[in-house]
Amino acid sequence: QGSTIPAFLAAGSALGAFAAMCMARHYDQRYLFVVLINLAILALTGGRMALVIALLALGFLVLTRYRITTGLITQGFLAIAVMAGAAFILFPDLIARLSHDDDSGRGMLWATVIRVWDAHPYFGIGLGQQGMVVPESVSKWVTTTAAHNEYIRLGSELGWVGLGMLGFVYVAFL
């Protein structure tokens, strides 16, 4: 399944948007189109936290790396308003998904994954292995093995050392 699971696709799209923004800044403005494509994919996955984090990271990147003018800020807000309006009209279910606050039993799944992280705090259990450690009784109840929480998933898979290295890589590319 890999990157076809919405949670993983959301994280990949967020990272793709951030990388494309860096490329647009340093090499070619046409990468901004790739940023928009990745943000559209991210929005369609319904990944709420990934979307918030991507928008915050991109906003931080724009504010710290680009010379901002009033016209550019106005254009940015106008583009966001148009995209939000189009999403509201074209994808009413997406708006409901983004505003839904029920965890759908994820709390049970998160508790399991956090216990795995506690058991392997330094180096985790290996990238991509989180779904393998969810007991069948939990996955039947929640109907998934995906944590739907990138912080908990990456913590259990990479441990504190891996999270620190990943954070260093993110900061290094700013």
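Residues numbered from 1 in each chain as written. Predicted model: local features only at pLDDT ≥ 70, side-chain atom pairs only at ≥ 80, totals over all residues. Heavy atoms only, no water.

Draft legend 1. Representation of the overall build of the protein chain in the model. The helix and strand tally for the protein chain stands at 8 helices and 0 strands. Buried positions account for 30% of the 174 residues belonging to the protein chain. When contacts within the protein chain are restricted to residue pairs at least 6 apart in sequence, those whose partners lie at least 24 apart make up 72%. With an accessible surface of roughly 11,200 Å², the protein chain has 71% of that area assigned to carbon and sulfur atoms. (Helix = DSSP H or I, 4+ residues; strand = E, 2+ residues; numbered from the N terminus. Buried < 20%, exposed > 50% of the residue type's maximum accessible area, 1.4 Å probe, protein only. Contact = heavy atoms within 4.5 Å. Areas by Shrake-Rupley, 256 points an atom, 1.4 Å probe, with all protein chains shown as cover.)

Draft legend 2. Structural detail: the pattern of salt bridges. Taken as a whole and judged by the stated rule, the model has 3 salt bridges. With its nearest N and O atoms 2.7 Å apart, the salt bridge here joins Arg 30 to Asp 28. For Arg 30, a relative accessible area of 66% puts it in the exposed group. When its relative accessible area of 24% is taken as the criterion, Asp 28 is described as partly exposed. Here Glu 157 and Arg 153 are joined by a salt bridge, their closest N and O atoms 2.8 Å apart. With Glu 157 and Arg 153 both in helix H8 (residues 150–172) and 4 residues apart, the pair spans about one turn of that helix. Owing to a relative accessible area of 10%, Arg 153 belongs among the buried residues under this scheme. The network of salt bridges with shared partners includes Glu 150, Arg 153 and Glu 157. (Salt bridge = Lys/Arg side-chain N within 4 Å of Asp/Glu carboxyl O.)

Draft legend 3. Region of interest: the nonpolar core. One finds Val 35, Leu 39, Leu 42 and Leu 58 to be the most contacted residues of the largest nonpolar core, which totals 15 residues. Taken together, the elements giving at least two residues each to this core come down to helix H1 (6–26), helix H2 (31–45) and helix H3 (48–65). If you tally residues by element for this core, the top one is H1, at 7 residues. Setting aside anything within four residues of it in sequence, one finds Leu 58 in contact with Ala 17, Phe 18, Met 21, Val 35 and Leu 39. (Core = buried A, V, L, I, M, F, W, Y, C linked by side-chain atoms within 4.5 Å.)

Draft legend 4. Spotlight on a nonpolar patch on the surface. On the surface, Leu 15, Phe 60, Tyr 170, Val 171 and Leu 174 cluster together to form a nonpolar patch covering roughly 460 Å² of accessible area. Tracing the backbone through its elements, the reader meets Leu 15 in helix H1. For Leu 15, a relative accessible area of 43% gives the class partly exposed. (Patch = residues over 30% accessible without salt bridge, like charges linked within 9 Å, V, L, I, M, F, W, Y side chains within 5 Å.)

Draft legend 5. Summary view of the packing of H2 against H3. Running from N to C, H2 and H3 point in directions that differ by 155 degrees, and their axes come no closer than 10 Å. As judged from the angle between their axes, H2 and H3 are roughly antiparallel. Handedness of the crossing formed by H2 with H3: left-handed. For the pair H2 and H3, the contacting residues are Val 35, Leu 39 and Leu 42 in the first and Ala 50, Leu 51, Ala 54, Leu 55 and Leu 58 in the second. (Axes fitted to C-alpha atoms, helices over the stretch in contact; angles between N-to-C directions. Parallel < 35°, antiparallel > 145°, perpendicular 65-115°, else oblique. Left-handed = near helix turned anticlockwise from the far one by under 90°.)

Draft legend 6. Examining H2 more closely. With 15 residues, H2 should cover 21 Å at 1.5 Å per step; its first-to-last C-alpha distance of 21 Å lies within 8% of that length. Regarding H2, the residues found buried are Val 35, Asn 38, Leu 39, Leu 42 and Thr 45. Taken around the axis of H2, the buried residues stretch over an arc of 120 degrees, which confines them to a single face. Seen from the buried face of H2, the exposed residues on the opposite side, beyond 90 degrees, are Phe 33 and Leu 44. (Expected span 1.5 Å × (residues − 1). Arc of directions from axis to C-beta.)

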